[in-house]
Amino acid sequence: MTPPLLHVGKDALRAALSSSSGPSLATSYDNILLVVSRSVPPAHSSRATSPSLAPRQFTSKQLQSVSDAVGSAEHLVRLHCPRARIVTATIASQFPTAADVSSAVRLARRSFGATNLRVVGAGAGAAVDLAAASARGLGCGATLVPATAGGAPGGAP
């Protein structure tokens, strides 16, 4: 059976970390691979392309909102999981490549082995996609916290 992927909004992450109705992320996992996006690059600078997606330019307000959401998610994970070992993988392109997934999986295996691991992906769609693919590669569950420009205050252009 494939471990579950838990999708939570950026405002629901705190509840997922400190759930009182069952096991929480903070108390259930010793090791966390935190996958975050550091920026949302312009459409023309992505390493991979998707012909089905039209290029979009984001406003500086939208980019700042994504950056703030990523910083908040990182802070919450570190605050609520003080005993967990956390290693961070970052992505700066619009689409994760097979090499990105392989790199994140190797990082987690090198850092933790395969014991009691959870992947948390926060930020733009690429970080969430990379987290989900990494979790599948590691055979563990993931908590996905999308903070895309389309979902950011101000909406998509």
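Right, let's walk through the structure included here.

Calculation notes
Residues numbered from 1 in each chain as written. Predicted model: local features only at pLDDT ≥ 70, side-chain atom pairs only at ≥ 80, totals over all residues. Heavy atoms only, no water. Pairing = 2+ DSSP bridges. Helix = DSSP H or I, 4+ residues; strand = E, 2+ residues; numbered from the N terminus. Axes fitted to C-alpha atoms, helices over the stretch in contact; angles between N-to-C directions. Contact = heavy atoms within 4.5 Å. Expected span 1.5 Å × (residues − 1). Buried < 20%, exposed > 50% of the residue type's maximum accessible area, 1.4 Å probe, protein only. Core = buried A, V, L, I, M, F, W, Y, C linked by side-chain atoms within 4.5 Å. Arc of directions from axis to C-beta. Right-handed = clockwise from strand over helix to strand, strands pointing away.

### As for the sheet that holds strand E5 (residues 142-146)
- The strand order across the open sheet built from 5 strands is E1-E5-E4-E2-E3, with neighbouring strands paired in parallel fashion. Unpaired on one side and paired on the other, strand E1 (5-7) and strand E3 (85-91) mark the two borders of the sheet. Strand-to-strand twist across the sheet, computed as the mean angle between neighbouring axes with direction ignored, equals 20 degrees.
- Where strand E2 (residues 31-37) and strand E4 (residues 117-123) come together, 6 bridges link them in parallel fashion. Its bridge partner lying in E4, Val-36 is registered against Ala-122.
- Where helix H4 (residues 98-112) meets the sheet, its contacts fall on E2, E3 and E4, and the angle it forms with E3 comes to roughly 165 degrees.
- Strands in contact with helix H5 (residues 125-138) are E1, E2, E3, E4 and E5; relative to E4, the strand with the most contacts, it is inclined by about 165 degrees.

### Focus on H5
- Relative to the 20 Å expected for 14 residues at 1.5 Å per residue, H5 spans 20 Å between its end C-alpha atoms, a close match to the ideal helical length.
- Counting buried positions over the 14 residues of H5 gives 10, a clear majority of the element.
- Residues of H5 that are buried: Ala-126, Ala-127, Val-128, Leu-130, Ala-131, Ala-132, Ala-133, Ser-134, Ala-135 and Leu-138.
- Elements in contact with the buried residues of H5: E1, E2, E3, H4, E4 and E5.

### Some details on the nonpolar core
- Grouped together as the largest cluster of nonpolar side chains are 25 residues, with contacts concentrated most on Leu-33, Val-35, Leu-117, Val-119 and Leu-138.
- For this core, the secondary structure elements donating two or more residues are E2, E3, H4, E4, H5 and E5.
- With near-sequence residues (within four places) excluded, Leu-138 lies in contact with Leu-33, Val-105, Ala-108, Arg-109, Leu-117 and Val-119.
- Counting 17 residues, the second-largest nonpolar core is a separate cluster that includes Leu-34, Ala-73, Val-77 and Ala-122.

### Re H4
- Across its 15 residues, H4 extends 21 Å between first and last C-alpha, which sits within 8% of the 21 Å expected from 1.5 Å per residue.
- Taken as a whole, H4 has its buried residues at Asp-100, Val-101, Ala-104, Val-105, Leu-107, Ala-108 and Phe-112. When H4 is viewed along its axis, its buried side chains cluster within an angular range of 155 degrees and face the same direction. Across from the buried face of H4, at angles greater than 90 degrees, the exposed residues are Ala-98, Ala-99 and Arg-110.
- Where H4 is buried, its residues contact E2, E3, E4 and H5.
- At the exit of H4 stands Gly-113, carrying a positive phi of roughly 75 degrees.

### Thoughts on the environment of Leu-33
- Within the fold, Leu-33 resides in strand E2.
- Separated by 84 residues in sequence, Leu-33 and Leu-117 have C-alpha atoms that sit 7.5 Å apart.
- Discounting chain neighbours no more than four positions away, the residues touching Leu-33 are Val-87, Ala-89, Ala-104, Leu-107, Ala-108, Phe-112, Leu-117, Arg-118, Val-119, Val-120, Ser-134 and Leu-138.

### Points about the pairing of E5
- Burial of E5 is extensive: 4 of the 5 residues sit out of reach of the surface.
- Taken together, the 3 bridges between E1 and E5 define a ladder with parallel strand orientation. Pairing of Leu-6 across the sheet is with Thr-143, part of E5.
- Across 5 bridges, the pairing between E4 and E5 is parallel. Pairing of Val-119 across the sheet is with Ala-142, part of E5.
- Once you follow E4 into H5 and on to E5, the crossover reads as right-handed.

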